[in-house]
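If you want the building blocks of each chain, they are given just below.
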Amino acid sequence: EVQLVESGGGLVQPGGSLRLSCAASGFTFSRYAMSWVRQAPGKGLEWVSAINSGGGGSSTSYADSVKGRFTISRDNAKNTVYLQMNSLKPEDTAVYYCTAQYILYSYWGQGTQVTVSS
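Calculation criteria
Residues numbered from 1 in each chain as written. Predicted model: local features only at pLDDT ≥ 70, side-chain atom pairs only at ≥ 80, totals over all residues. Heavy atoms only, no water. Phe/Tyr/Trp six-rings, centres within 6.5 Å; stacked < 30°, edge-to-face > 60°. Helix = DSSP H or I, 4+ residues; strand = E, 2+ residues; numbered from the N terminus. Buried < 20%, exposed > 50% of the residue type's maximum accessible area, 1.4 Å probe, protein only. Lys NZ or Arg CZ within 6 Å of the ring centre and 35° of its normal. Pairing = 2+ DSSP bridges.

**Points about the packing of aromatic side chains**
Then, in step 1: Tallied over the entire structure, the rule returns 5 aromatic pairs.
Then, in step 2: Judged by centre distance (5.3 Å) and plane angle (45°), the ring pair of tyrosine 32 and tyrosine 102 falls under tilted. Of this pair, tyrosine 32 sits in the loop between β3 (18-25) and β4 (33-39) while tyrosine 102 sits in strand β9 (residues 94-102), and the two are 70 residues apart along the sequence.
Then, in step 3: Since its relative accessible area comes to 29%, tyrosine 102 is described here as partly exposed.
Then, in step 4: Following the ring pairs from residue to residue traces out a cluster consisting of Phe27, Tyr32, Tyr102 and Tyr107.
Then, in step 5: Cation over ring: arginine 19 sits above tyrosine 82, and NZ or CZ is 4.0 Å from the ring centre.
Then, in step 6: Positioned above the aromatic ring of phenylalanine 29, the side-chain terminus of arginine 74 is 4.5 Å from the ring centre.

Here it is as structure tokens:
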């Protein structure tokens, strides 16, 4: 059974940091590109960041809204992808989803809530 389980969300003050984790199982994690996508209250899905499946130095990309503040990384030995979020802003408040993509295959986690508020 394919599973993507996000964790690490919560309530944080503006300017604070959180580290999201996404543990994968049921598929060959190292073959899959991984992404984080978020959905703010009352809004559509927004792509946040992605990391490719490369083993020796993965390529990463970021939405302009998070560039310089968020860092995506992966540990293929632990089947886990991370999103380090620094300098958080109220507009980062959203449900954050982990996704996996390989050719025509795509999997999504259940999401973790991040709330940035004082």
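Having put the structure on the table, let's press on.
**Overview of the pairing of β9**
Remark: a regular strand shows side chains that alternate across the two faces of the sheet.
Then, in step 1: Of the pairings in the sheet, the one linking β4 to β9 comprises 7 bridges and is antiparallel in character. Bridge pairing in β9 links methionine 34 to alanine 100.
Then, in step 2: Direction of pairing for β9 relative to strand β11 (residues 112-116): antiparallel, over a ladder of 3 bridges. Bridging from a neighbouring strand, valine 95 pairs with glutamine 113 of β11.
Then, in step 3: Judged from the 4 bridges that link them, β9 and strand β10 (residues 105-108) form a sheet pairing that is antiparallel. Across the sheet, the residue bridging to tyrosine 102 is tyrosine 105, located in β10.

**As for the environment of alanine 23**
Then, in step 1: Inspection of the secondary structure puts alanine 23 in strand β3.
Then, in step 2: A relative accessible area of 37% places alanine 23 in the partly exposed class.
Then, in step 3: For the pair formed by alanine 23 and phenylalanine 70, sequence separation is 47 residues and the distance between their alpha carbons is 19 Å.

**Here's the deal with unusual backbone geometry**
Then, in step 1: Backbone geometry at asparagine 79 places phi at a positive 50°, although glycine is not the residue there.
Then, in step 2: One can find asparagine 79 in the loop between β7 (70-75) and β8 (80-85).
Then, in step 3: The phi dihedral of serine 87 is positive, around 50°, even though this residue is not glycine.
Then, in step 4: With respect to the secondary-structure elements, serine 87 resides in the loop between β8 and β9.
Then, in step 5: Judged by its relative accessible area of 41%, serine 87 is partly exposed.

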